[in-house]
Each structure stands twice: as structure tokens, then as C-alpha cells.
Amino acid sequence: MIKDLTEPKINWRELVRQEIQSIVRNDYSFQRPNRKSWHSGAILPGMKEATAIDIAVGMDMSGSIGDDDAKIFLGEIEGILDQYEDFKVNIWCFDTDIYNHKVITHDEAHELLEYEPQGGGGTDFDVNFTYMEENGIVPKKFIMFTDGYPYDSWGEPDYCDTMFVIHGSTTIEAPFGITTYYELSKEYA
């Protein structure tokens, strides 16, 4: 009972949304002046919320996550991206190598649901970080959908902000980044 009270459960979809929203850069603009500064006689710029995001998504296709799960993940990511005017998503599948890397922008958003997952070998998380480094990909947030069982290392903790969405277990905790647990909701069952 104490564990349930001290460890609140957040829906993985909501946590992914929050994490993506947290990387959206804000800027200042005089188009909407800060009303809180009016009483002082000064006109200060207000916050202008940005609408562009830059993320990478790696899907573990080593065997424990099937094509149906991958399609659900892609549908969730598309639903989140629909909230933004501009985005760039680097998406790929991995096992011990990287497969089917695509860069999807707002104009190609429909391609996200047509994306074909590939893979089927072992599980090597390091290939994601090596691939990003070799290809100059430095996302604001890297989201990895996985079963949480890497062959060796969990990857490079200092490369970028990382979020692990773990399928099949609620006890595995990533050694860095944010960990959440994928649970299939009744609407997909």
C-alpha cells in the first residue's frame, strides 16, 4: 500500500507528451507584451511558445516487440506530433544494427503510419548512440521503445536526453534518463 502511494503511476503516453513538450524552446516577443510588467510602467516582452520540435525515436525490434506494438508506438508519436506546427523526427528500428532510418517532417507526417518496422536479431542499445554520433544526429530528446534487456550497455548517458519506454516489465529501471512503462490500453486490446 505504501509503495502504491509513494510511486504514483503516470500513463506512458502522457509522460512521452510531457517530455516532448519540455524540449520545446520558448522565446521572447513584443507581439504579446508581458502584462505583469505593466504596473511598473515598463513594457517587457512576453513569452512566445515555440512550435517546432526535434526528436529521435529508436524502436527495439529484437523480437520481444512485435509489429503491432510498433504500429501503436508510431500512432502515439503521430498523435503527439499533430499538436505542433513544425517538427523533425529521426526514426529507426534497431536490434544489433540500425534499420530503415527516416527523417519525417510536418509535410511527411502521413509517412509515420506507413513506416515499416525491421529487425529481429539481438539487442544492442549502443548501436543507437553510435549511429547518432556517426550521422551527426543530436536530438533534443531520444525516445527508445524497448523491452529493457540490452546485450551489454544501456548506451551513452551524456549524449542527449533519453527516455526509455519499456515493454513487458515494470521492474526494469534504466541507469540514466527517464524510464516509463508501456502498457497496452483497452482501446488497443
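Our structure is the block above this text.
Quick caveat: nothing in here was measured; it's all calculated off a predicted structure.

Draft legend 1. Spatial organisation of the side chain of Asp69. Looking at the element boundaries, Asp69 is found in helix H3 (residues 67-81). Apart from residues no more than four positions distant in its own chain, Asp69 is found in contact with His167 and Tyr182.

Draft legend 2. The packing of aromatic side chains, seen in detail. Applying the stated criterion across every chain yields a total of eleven aromatic pairs. Ring geometry for Phe73 against Phe145: centres 4.0 Å apart, planes inclined by 15 degrees, an arrangement best described as stacked. Here the residue Phe73 occupies a position in helix H3, and Phe145 occupies one in strand S6 (residues 141-146), the gap between them amounting to 72 residues. Of the residues examined, Phe73 reaches a relative accessible area of 1% and is grouped as buried. Here the aromatic cluster, defined as three or more aromatic residues joined through ring pairs, consists of Trp92, Phe94, Phe125, Phe129, Tyr131, Phe142, Trp154, Phe164 and Phe176.

Draft legend 3. Expanded view of the nonpolar core. Core analysis: the largest hydrophobic core is formed by 52 residues, its most contacted members being Val16, Met59, Trp92, Met132 and Phe145. At seven residues, the largest contribution of residues to this core is made by H3. The contacts of Met59, once residues within four sequence positions are left out, are Ala70, Phe73, Leu74, Trp92, Cys93, Phe94, Tyr115 and Phe145.

About the criteria used
Residues numbered from 1 in each chain as written. Predicted model: local features only at pLDDT ≥ 70, side-chain atom pairs only at ≥ 80, totals over all residues. Heavy atoms only, no water. Helix = DSSP H or I, 4+ residues; strand = E, 2+ residues; numbered from the N terminus. Contact = heavy atoms within 4.5 Å. Phe/Tyr/Trp six-rings, centres within 6.5 Å; stacked < 30°, edge-to-face > 60°. Buried < 20%, exposed > 50% of the residue type's maximum accessible area, 1.4 Å probe, protein only. Core = buried A, V, L, I, M, F, W, Y, C linked by side-chain atoms within 4.5 Å.

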